[in-house]
Amino acid sequence: KQEVTQIPAALSVPEGENLVLNCSFTDSAIYNLQWFRQDPGKGLTSLLLIQSSQREQTSGRLNASLDKSSGRSTLYIAASQPGDSATYLCAVQTGANNLFFGTGTRLTVIP
Amino acid sequence: NAGVTQTPKFRILKIGQSMTLQCAQDMNHNYMYWYRQDPGMGLKLIYYSVGAGITDKGEVPNGYNVSRSTTEDFPLRLELAAPSQTSVYFCASSYPPPGQGNNEQFFGPGTRLTVL
């Protein structure tokens, strides 16, 4: 069974710092990997989706990479802002009914 | 577009009561999903649907039922509520099928359910 791990579980950084969130998965047979943001008490907002044939995707200050063979993805956030504080989840899809989520990294950006 | 909407936002049930969590999307997505999120845990798939009239079980279907009579709506039914069903429930939708283009999942705001 696919297992998705996110390290660290929590991270605090000063405003302006660049940071990297990590996601690893055990089975490389995936359709895609998706990064989400979740604010307290809210739903999930999709940030980036990387197809299995792609190596990276970028949106504004966010860059996500995918190394399928090693079962790893990173989410790079440039010039962090207090508004980036949230929990970041990664999920891999292996089929219509198979979207496996990590438990998330809780990010706090300190002004 | 309203995207994915869910009602109610909050609900408290007594053990043994039943209720239906509503989910609707206006993006004409074929695929719809129900997840539950327990504290400190990742989301787990309860049921999913690939189109009107077609539903199937996910990882944790026990205690739940679904129906999909239209493309837009995908309600989740709890028949005999139990404390173990205390959780936050999220509905999501996507298009096209996995592996065929950009099928990112769009999530609703969630329903926070407490069973006492």
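Read on for an overview of the structure. Just so it is clear, the model here is predicted, and its values are computed rather than measured.

## A word on the overall build of chain B
Move 1: When you go through chain B residue by residue, the secondary structure sums to zero helices and 11 strands.
Move 2: Its C-alpha radius of gyration of 14 Å places chain B within 12% of the 13 Å reference for a compact globule of 116 residues.
Move 3: Its C-alpha atoms give chain B principal-axis dimensions of roughly 45 × 30 × 25 Å.
Move 4: Here chain B holds 116 residues, and the buried ones make up 46% of them.

## A few points about the environment of B:M19
Residue and element names in this part refer to chain B.
Move 1: For M19, the position within the fold is in strand β3 (residues 19-25).
Move 2: The spatial distance from the C-alpha of M19 to the C-alpha of M41 is 24 Å, given a sequence separation of 22 residues.
Move 3: The residues touching M19, leaving out its near neighbours within four places in the chain, are P8, R11, L13, L76, R77, L78 and L113.

## Brief notes about the pattern of salt bridges
Residue and element names in this part refer to chain B.
Move 1: In total, this model carries six salt bridges over all chains according to the counting rule given.
Move 2: Across the pair R36 and D38 runs a salt bridge, and its minimum N-O distance is 3.0 Å.
Move 3: What makes R36 buried here is its relative accessible area of 11%.
Move 4: Its relative accessible area of 22% is what places D38 among the partly exposed residues.
Move 5: Here E59 and K44 are joined by a salt bridge, their closest N and O atoms 3.8 Å apart. One end of the pair, E59, is in the loop between β6 (54-57) and β7 (64-66); the other, K44, is in strand β5 (residues 43-51), with 15 residues separating them in the sequence.
Move 6: By relative accessible area, which is 37% here, E59 ends up partly exposed.
Move 7: When its relative accessible area of 27% is taken as the criterion, K44 is described as partly exposed.

## Here we look at unusual backbone geometry
Move 1: That bond from A:I7 to A:P8 is cis: its omega, 0°, falls within 30 degrees of zero.
Move 2: For A:P8, the location among the structural elements is in the loop between β1 (4-7) and β2 (10-14).
Move 3: Residue B:P8 follows B:T7 across a cis peptide bond; omega there is -5°.
Move 4: In this structure, B:P8 sits in the loop between β1 (4-7) and β2 (10-13).
Move 5: Notably, A:A79 is not glycine yet its phi reads approximately 45°, a positive angle.
Move 6: Mapped onto the elements of the fold, A:A79 is located in the loop between β8 (72-77) and β9 (86-95).

Rules of the game
- Residues numbered from 1 in each chain as written.
- Chains lettered and ligands numbered in written order.
- Predicted model: local features only at pLDDT ≥ 70, side-chain atom pairs only at ≥ 80, totals over all residues.
- Heavy atoms only, no water.
- Helix = DSSP H or I, 4+ residues; strand = E, 2+ residues; numbered from the N terminus.
- Rg over C-alpha atoms; globule rule 2.2 N^0.38 Å.
- Buried < 20%, exposed > 50% of the residue type's maximum accessible area, 1.4 Å probe, protein only.
- Contact = heavy atoms within 4.5 Å.
- Salt bridge = Lys/Arg side-chain N within 4 Å of Asp/Glu carboxyl O.

Treat this as a map of the structure, not an account of what it does.
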